[in-house]
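So you can see what is in the structure, the chains are spelled out below.
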Amino acid sequence: MLKALNKQLNSFKHEDFTYLKIGTWNLTFEKSLPEYDGIILSSTNDSEIEKTILAIRTHENPTIYLAPIYFLSKTANGLIIHTEGVFNEHKSNEITRSINEKVARITGGQNTAHKSLEIKLMNYLYTRDGKLTPQKNRLILSGYSYPFVDCYYKGEDFEKYKLFKQCIKNEWLTDALEDRVQLCVQCYDSYMIYKETCPKCQSINIQAHDIVHHFPCAHIAPIKQFKKEDEDEMTCPKCDKLLRHIGIDYDKPSVVFSCKNCDNNFQHAEVISECHTCSHQNKLEDLVEVDIKAYKISMNGIMKVEHGTTVINEENSVSDRMKIFEQLVMQEQSRTFIAANSSFVVEIDIQSKLFKILNASFLNQFWKDINDITKNYVSNPIYSCRKEETIYLLMIDKEELAVSNLIEKLRYNLSILLEDNLGSDVTLVIKSQNVNES
Ligand SMILES: [Zn+2]
Ligand SMILES: [Zn+2]
Ligand SMILES: [Zn+2]
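What you see is a predicted model; the values in this text were computed from it and never measured.

> Give a detailed account of the packing of helix α6 (residues 117-127) against helix α7 (residues 159-169), specifying residues and quantitative values.
Between α6 and α7, whose axes approach to 10 Å, the crossing angle comes to 75°. If you check the angle between α6 and α7, you find them roughly perpendicular. Contact residues: α6 offers Leu 117, Glu 118 and Leu 121, while α7 offers Leu 163, Gln 166 and Cys 167. Among the residues making up the contact of α6 with α7, the classes are represented as 4 nonpolar, 1 polar and 1 charged.

Encoded structure:
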């Protein structure tokens with residue numbers, strides 16, 4: 001009875017959709033959330049809202065971290081970028097439906113926990129519009145916040161740019177340059193104060209003076225030598241003539257600085273970029289440059305989300321191709337049995353511990369390169385197939401000696417590629433067998 005009443009108080013119904021109303025976040029919401037279509041933030045307290053959004057978006061369970069979230073009413077809260085926005089009776093149910101359909105596709109009805117932020121980000125983008133757009137934000141050190149991702153980097157948001165790099169390396173995202181920022185080398189803040197300083201003592205108490213060049217007598221000196229105190233007129237200290245028109249009888253070809261702290265005179269002031277947060281005096285060449293990019297989920301990223309792998313098409317058809325290959329071998333067995341020709345199955349086994357740790361796109365390319373080599377040793381590409389780290393070739397109508405010559409060439413060519421890609425941590429075993437001697 002009490003439970004039913006609680007449920008009523010906590011829910012917000014609109015047409016066929018029921019939303020969980022959250023004012024103050026507490027852990028019991030995690031259990032009840034799957035019964036609802038989405039979340040409505042009913043609090044007007046910014047820190048309560050923040051606590052709720054972060055608890056949801058950083059959860060491990062995809063039905064929770066991907067849940068549609070809406071603000072009940074208009075807000076200036078910057079965390080709105082991690083939500084679907086303010087609830088709108090005309091549009092929001094449709095958004096909720098679309099998100100939940102995609103969430104169901106990812107999880108397949110199961111609540112598998114996700115710990116890798118790369119995977120969670122792909123899932124988030126997949127269930128939204130696939131785009132990750134940077135937003136200018138003064139409260140974020142690097143000056144830009146990103147939906148979803150920023151929930152994971154409170155304060156030290158520089159790390160998120162490493163996450164993006166990794167996703168680009170995996171080919172799960174595509175990118176487009178939007179801006180370029182310079183960050184403090186000590187704390188990665190983007191809020192800098194630029195100042196000209198004395199190169200000798202680093203004081204900011206410096207003054208620039210024009211250099212004056214008097215044409216009639218060719219005298220060149222700082223402007224103060226041409227001016228008497230409290231006078232606007234300038235007189236040449238060398239020839240005593242009055243200076244009249246700039247560009248006609250004199251000009252100002254450059255400036256010279258003098259330091260009021262150490263009396264140093266210098267031509268170029270040193271520009272220092274002082275960090276507003278940690279006060280570190282950054283030299284310009286030491287600033288950390290970061291490209292601010294807009295990202296989009298790629299085909300590979302979508303495949304990763306939908307199938308858990310980026311090489312799904314290839315992986316799926318392996319067993320099919322293996323079956324075809326086995327049939328071809330059987331055909332050859334009967335054919336050569338009658339014709340007294342010989343055909344050989346060559347088995348190439350590549351073993352390396354690195355296969356476990358290399359990423360899918362690298363391996364994809366690696367096996368493509370291997371295939372480019374091995375296909376030259378068979379008369380038709382269908383006489384070649386790969387299952388995991390073993391490649392099978394069917395060499396037709398060959399003498400045994402010719403086969404072993406081919407194998408030696410193949411071994412040589414493969415070992416060059418293997419060494420280039422995997423270094424010395426690799427074993428290559430090649431065996432051959434006459435199809436009629438098995
Ligand atoms: Zn100085
Ligand atoms: Zn003069
Ligand atoms: Zn700093």
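There is more to say after this.
> How would you sum up helix α11 (residues 400-422)? Please name residues and give values.
Its 23 residues place the ends of α11 31 Å apart at the C-alpha level, agreeing with the 33 Å of an ideal helix rising 1.5 Å per residue. Restricting attention to buried positions, one finds in α11 the residues Val 403, Leu 410, Leu 414 and Leu 418. Those residues of α11 that are buried lie in contact with β19 (344-351), α10 (360-374), β21 (390-395) and β22 (427-434). In the segment just after α11, Gly 423 is the residue with positive phi, at about 70°.

> Which residues make up the domain arrangement of the chain, and what values do they have?
Domain boundaries assigned for the chain yield domain 1 (2-175), domain 2 (199-268) and domain 3 (311-437). For domain 2 and domain 3, the distance between their C-alpha centroids amounts to 81 Å.

> Can you lay out the sheet that holds strand β4 (residues 69-71) for me, pointing to particular residues and giving the numbers?
Strand order in this open sheet of 4 strands is β1-β2-β3-β4, and the pairing throughout is mixed. The sheet is open, and its two edges are formed by β1 (11-14) and β4, each paired on a single side. Sheet twist, expressed as the mean angle between neighbouring strand axes with direction ignored, is 30°. Pairing of strand β3 (residues 38-41) with β4, which is carried by 3 bridges, proceeds in the parallel orientation. Paired with Ile 40 across the bridge in β4 is Tyr 70.

What counts as what
Residues numbered from 1 in each chain as written. Chains lettered and ligands numbered in written order. Predicted model: local features only at pLDDT ≥ 70, side-chain atom pairs only at ≥ 80, totals over all residues. Axes fitted to C-alpha atoms, helices over the stretch in contact; angles between N-to-C directions. Helix = DSSP H or I, 4+ residues; strand = E, 2+ residues; numbered from the N terminus. Parallel < 35°, antiparallel > 145°, perpendicular 65-115°, else oblique. Contact = placed C-beta atoms within 7 Å. Nonpolar A, V, L, I, M, F, W, Y, C, P; charged D, E, K, R; others polar. Expected span 1.5 Å × (residues − 1). Buried ≥ 20, exposed ≤ 12 C-beta atoms within 10 Å, placed from the backbone. Domains from an automatic or database assignment. Pairing = 2+ DSSP bridges.

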